[in-house]
Amino acid sequence: MNNSLTTTTALTLGKNETLIPHNMQAEQSLLGALLLNNASLEHVSDFLKPEHFSDSIHGRIYEAISRLIDRGQIADPITLRDFFDKDQIFEPVGGAKYLIDLASSVISIISVGDYGRLIYDLYLRRQLIDIGEQMVNDSRSHDLEIPATQHIENSEKKLYDLATKGQFSSSYVVFSDVLAKAIQTAEIAFKRESQIVGVTTGLLDMDKWLGGLHPSDLLILAGRPSMGKTALATNIAFNAAQNTSDGAPVAFFSLEMSAEQLANRILASEAKISSDKIRRGEIRSEDFPTFVEISRRLSNVGLYIDDTPALSVISLRNRARRLCRQFGVGLIVIDYLQLLVSGSRNNENRVQEISEITRGLKALAKELNVPVLALSQLSRAVEQRDDKRPQLSDLRESGSIEQDADVVMFVYRDEYYESRKQPQEGTDKHQEWQERMGTIHNQAEVIIAKQRHGPVGTVKLFFDGKLTRFDNFTDNHSLVGY
């Protein structure tokens, strides 16, 4: 490599060019190799971009070469000459003559891929320095609107995004490889006693219908208030966390209820004592040994609760990543979607904000390769109909909820609505009402309104309101399709 060539270009870096990570010779060698052999661009085009070069002039040359090759034209010092002669930015290096110097100084074109990866690695190092300097500047500022924890989360996101960029991975997969993986997944489900592939819900009929909760899926569980959304989500989370064969550790983000309230529900469900009685202290002394035994049994359950209110999607993603890294979390539950805050803080268009949130949750599911179960409110339009069973159009501020979700489920309890229609006692209508209540007592339905990889239908469940507990329905006809 010509020393004068290297020195001349290095001057464009400025006074601090010796203080930042860069390799001028690698950049020049790569560009010269591309000018001699355009086909070698395929070795670096997937990951190397113009902004990755430490010298902006080299970035412009790389961009011009790539553009000509994409058009099916030859990129060499001759075809690029006019472009470089007209642009004054190239005057410090001698204009188009610099292209001839690059091409004539090439020793080998074999190492193009290695040069590209080296240039990219040095770019990442420069980005790390920038992030570090930004962290120092942010830490020294005294903005009362931005707490230190927000700076930490922002820095963590930048570092994670940079780490994700730094992973060299192919943009395609061979069909035979994914086919073999699909067969392997089917074999695992066949050998499992439960015959499910994903994380278990602990509810047999739901597992049969869904095949478990699948990695990278975004599942929406919606319902009107008092239908039991949180109770069902808590049951599913606890069932998955304590199941050693088909389950997984669970991260539960509770934006509405405190961690203590969720623990109280689980304790009541396992002890078979009303959570209301536990909260009011209406328990017997002989119940405490049961509590101690249950507490000992549940102490090793992999359930991790974060009850921080008004979380942003960015904060939630950062925390979920940490939990997955530390505890191997295999399921994320969010209660509930409308209480999350989008990163843009654009409160003028709530539908757009919810759409941004659902896209972020779907991206999180794919990124961590775990199922994400998010609860959602329904609009009041349900209450205006005679048939209260929810529909996809009832999703509150739906935006892209239906579009982004792989599965959409609704919790519905006919008993809740029927109990509010009690006629006057002693009348024929009251007798008919009692008979009706007897047939739907302790029954709940999970309406699967959308399933990207399977059928839609209705799953019947047993619901104990006193214990806020969902369980398997004992009737043999627990699956009803539509």
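A brief report on the enclosed structure follows. Every chain's residues receive numbers from 1 upward, in the order its sequence appears when written. A pLDDT threshold of at least 70 governs which residues receive local features in this predicted model, and a stricter bar of 80 or more applies before side-chain atom pairs are shown or counted, although totals over entire chains, interfaces and linings include all residues. Excluding hydrogens and water, the side-chain values take into account all heavy atoms of the structure.

The secondary structure content of the protein amounts to 18 helices and 10 strands. A total of 482 residues make up the protein; the buried ones form 46% of that total. The long-range fraction of contacts in the protein, counting pairs at least 24 apart against all pairs at least 6 apart in sequence, stands at 70%. The accessible surface values rely on the Shrake-Rupley method and a 1.4 Å probe; as for residues, cover is taken only from the protein chains in view. Element-wise, carbon and sulfur atoms account for 50% of the exposed surface of the protein, whose accessible area totals about 25800 Å². Only DSSP runs of H or I with at least four residues qualify as helices, and only runs of E with at least two residues qualify as strands; both kinds are numbered from the N terminus onward. For the exposure calls, accessible area comes from a 1.4 Å probe over protein chains only, and a residue counts as buried if that area is under 20% of its type's maximum, exposed if over 50%, partly exposed in between. Residues are treated as being in contact if the distance between any of their heavy atoms lies within 4.5 Å.

Residue placement: Pro371 occurs in the loop between helix H15 (350-368) and strand E5 (372-377). Note: C-alpha distance between Pro371 and Asp406 (35 residues apart in sequence) is 10.0 Å. Discounting residues that sit within four places of it in the chain, Pro371 has contacts with Val199, Leu213, His214, Pro215, Ser216, Asp217, Leu219, Gly330, Leu331 and Ile332.

Ring geometry is summarised as follows: Phe, Tyr and Trp rings, the Trp one being its six-membered ring, pair when their centres sit within 6.5 Å, and such pairs are stacked at plane angles under 30 degrees, edge-to-face over 60 and tilted between the two. One pass over the full model with this rule turns up seven aromatic pairs. Residues Tyr416 and Tyr417 carry aromatic rings whose centres are separated by 5.2 Å and whose planes lie at 85° to one another, so their mutual orientation is edge-to-face. Geometrically, the ring pair formed by Phe463 and Phe470 is tilted, given 4.6 Å between the ring centres and 45° between the ring planes. Residue class for Phe470 comes out buried when judged on its relative accessible area of 3%. A connected cluster of aromatic rings, assembled from ring pairs, spans Phe47, Tyr120 and Tyr123.

One turn of the α-helix equals 3.6 residues, which is why residues spaced by three or four share an orientation. Multiplying one less than the number of residues by 1.5 Å gives the expected span of a helix. With 15 residues, helix H14 (residues 313-327) extends 21 Å between its outermost C-alpha atoms, agreeing within 8% with the 21 Å of an ideal straight helix rising 1.5 Å per residue. Looking at the residues trailing H14, positive phi occurs at Gly328, about 65°.

Grid spacing is 1 Å over the protein atoms alone, the probe is 1.4 Å, and a cavity is where that probe fits but cannot get out, while a pocket is an open set with protein on both sides within 12 Å along at least five of seven lines and lining residues have an atom within 4 Å of a point. Grid points are joined across faces, edges and corners, and a volume is the space filled by probe spheres set on the points. For the structure on display, the rule yields one cavity of 30 Å³ or more. As for the largest cavity, its lining consists of Gly223, Arg224, Met227, Leu378, Val382, Lys388, Pro390, Val411, Tyr412 and Tyr417. Partitioned by chemical class, the residues of the lining of the largest cavity number seven nonpolar, one polar and two charged. Any residue outside Ala, Val, Leu, Ile, Met, Phe, Trp, Tyr, Cys, Pro, Asp, Glu, Lys and Arg is labelled polar, Gly included; the first ten of those are nonpolar and the last four are charged.

A few words on the environment of Ile152. Mapped onto the secondary structure, Ile152 falls in helix H7 (residues 148-165). Between the alpha carbons of Ile152 and Ser139 there is a distance of 9.3 Å; along the sequence they are 13 residues apart.

Moving on, we come to the packing of helix H2 (residues 24-36) against helix H6 (residues 112-140). Here H2 crosses H6 at 140°, and the two axes come no closer than 9 Å. The angle between H2 and H6 places the two elements in the oblique class. The way H2 lies across H6 gives a crossing that is left-handed. Where H2 abuts H6, its residues Ala26, Glu27, Ser29, Leu30, Ala33 and Leu34 lie against Val112, Tyr115, Gly116, Leu118 and Ile119. Here the residues of the contact of H2 with H6 are counted per class, giving eight nonpolar, two polar and one charged. Helix axes use the C-alpha atoms of the stretch in contact, all axes being lines fitted to C-alpha atoms, and the angles between their N-to-C directions lie in the range 0 to 180 degrees. Orientation labels follow simple angle bins: below 35 degrees gives roughly parallel, above 145 gives roughly antiparallel, 65 to 115 gives roughly perpendicular, and whatever is left gives oblique. Definitions for this section: a left-handed crossing has its near helix turned counterclockwise from the far helix by less than a right angle. A right-handed crossing has that turn clockwise.

Here we come to a nonpolar patch on the surface. Together, Leu36, Ile109 and Ile110 give the surface a local cluster of nonpolar side chains, amounting to about 320 Å² of exposed area. By the secondary structure assignment, Ile110 is in the loop between helix H5 (97-104) and H6. Think of a patch as exposed residues, more than 30% relative accessible area, with no salt bridge, where like charges cluster within 9 Å and nonpolar side chains (Val, Leu, Ile, Met, Phe, Trp, Tyr) cluster within 5 Å. Salt bridges are identified by distance alone: a Lys or Arg side-chain nitrogen within 4 Å of an Asp or Glu carboxyl oxygen.

As a further point, take the pairing of strand E6 (residues 407-412). Along E6, six of the six residues are buried, which leaves the element largely enclosed by surrounding structure. In the sheet, strand E1 (residues 218-223) pairs with E6 via four bridges, with the strands oriented parallel. From the neighbouring strand, Ala222 faces E6, where its bridge partner is Phe410. By definition, two strands form a pair when at least two bridges between them are found by DSSP. As defined by bridge partners, E6 adjoins strand E7 (residues 443-451) across six bridges and the pair is classed as antiparallel. When the bridges of E7 are listed, Val407 appears paired with Gln451.

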